[in-house]
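Fold and geometry: a report
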Amino acid sequence: MNAVLGEWQRLSQSVSEHEVNRAKNLLLTNMLLMLDGSTPICEDIGRQMLCYGRRLPPTELEMRINAVTADDIRRVISQYVIRRPPAVVGIGPIERLQDYEYIANAIN
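Conventions and cut-offs
- Residues numbered from 1 in each chain as written.
- Predicted model: local features only at pLDDT ≥ 70, side-chain atom pairs only at ≥ 80, totals over all residues.
- Heavy atoms only, no water.
- Helix = DSSP H or I, 4+ residues; strand = E, 2+ residues; numbered from the N terminus.
- Salt bridge = Lys/Arg side-chain N within 4 Å of Asp/Glu carboxyl O.
- Buried < 20%, exposed > 50% of the residue type's maximum accessible area, 1.4 Å probe, protein only.
- Core = buried A, V, L, I, M, F, W, Y, C linked by side-chain atoms within 4.5 Å.
- Contact = heavy atoms within 4.5 Å.
- pLDDT = per-residue confidence, 0-100.

**Digging into the environment of Glu 43**
Looking at where Glu 43 falls in the secondary structure, it is placed in helix α3 (residues 38–52). Measuring from C-alpha to C-alpha, the distance between Glu 43 and Gly 6 comes to 33 Å, with 37 residues separating the pair along the chain.

Encoded structure:
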């Protein structure tokens with residue numbers, strides 16, 4: 001939990017273009033590898049229909065992903081994650097899960 005909270009804080013302030021480019025390349029690669037078979041392709045089409053109302057051509061999807069910048073990451077995290085009450089769920093033994101107040105204060 002501490003590592004995740006620390007990473008959110010770091011990403012809201014100091015994510016680099018190099019990190020974002022690595023993440024974009026990884027996302028694009030995984031998306032292409034995921035579309036191996038009719039079931040994953042149908043799931044992808046369904047997801048796109050729900051999100052966009054249409055199927056995005058791979059070139060448009062790649063263009064949208066490549067348009068994301070480090071400034072976008074910092075802005076979105078600052079706007080939607082930092083200083084917002086988090087939703088916390090614990091599954092399994094939760095004795096070591098941080099108190100909610102601690103978690104909420106850690107991302108402020």
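**Here we look at the pattern of salt bridges**
Evaluation of the coordinates by the stated rule reveals seven salt bridges. Glu 7 is the salt-bridge partner of Arg 10, the closest N and O atoms lying 2.6 Å from each other. Taken together, the residues Arg 10 and Glu 7, both in helix α1 (residues 2–14) and three residues apart, mark about one turn of the helix. Note that Glu 60 is salt-bridged to Arg 64, the shortest N-O span being 3.2 Å. Of this pair, Glu 60 and Arg 64 both sit in helix α4 (residues 58–66), separated by four residues, roughly a single helical turn. Looking at Glu 60, the relative accessible area reads 16%, which means it is buried. Counted as one network, the salt bridges with shared partners bring together Glu 7, Arg 10 and Glu 19.

**Side note on the nonpolar core**
Among the nonpolar cores identified, the biggest contains nine residues, and these are Leu 5, Leu 11, Val 15, Val 20, Ala 70, Ile 77, Ile 82, Ile 103 and Ile 107. Of all elements in the fold, only α1 and α5 (70–80) reach the threshold of two or more residues within this core. Apart from residues no more than four positions distant in its own chain, Leu 5 is found in contact with Tyr 102, Ile 103, Ala 106 and Ile 107.

**Considering the confidence of the model for the protein chain**
Put simply, the protein chain has an average pLDDT of 91, and 100% of its residues get 70 or more. Averaged pLDDT values for the elements of the protein chain fall to 88 in helix α6 (residues 100–106) and rise to 94 in α5.

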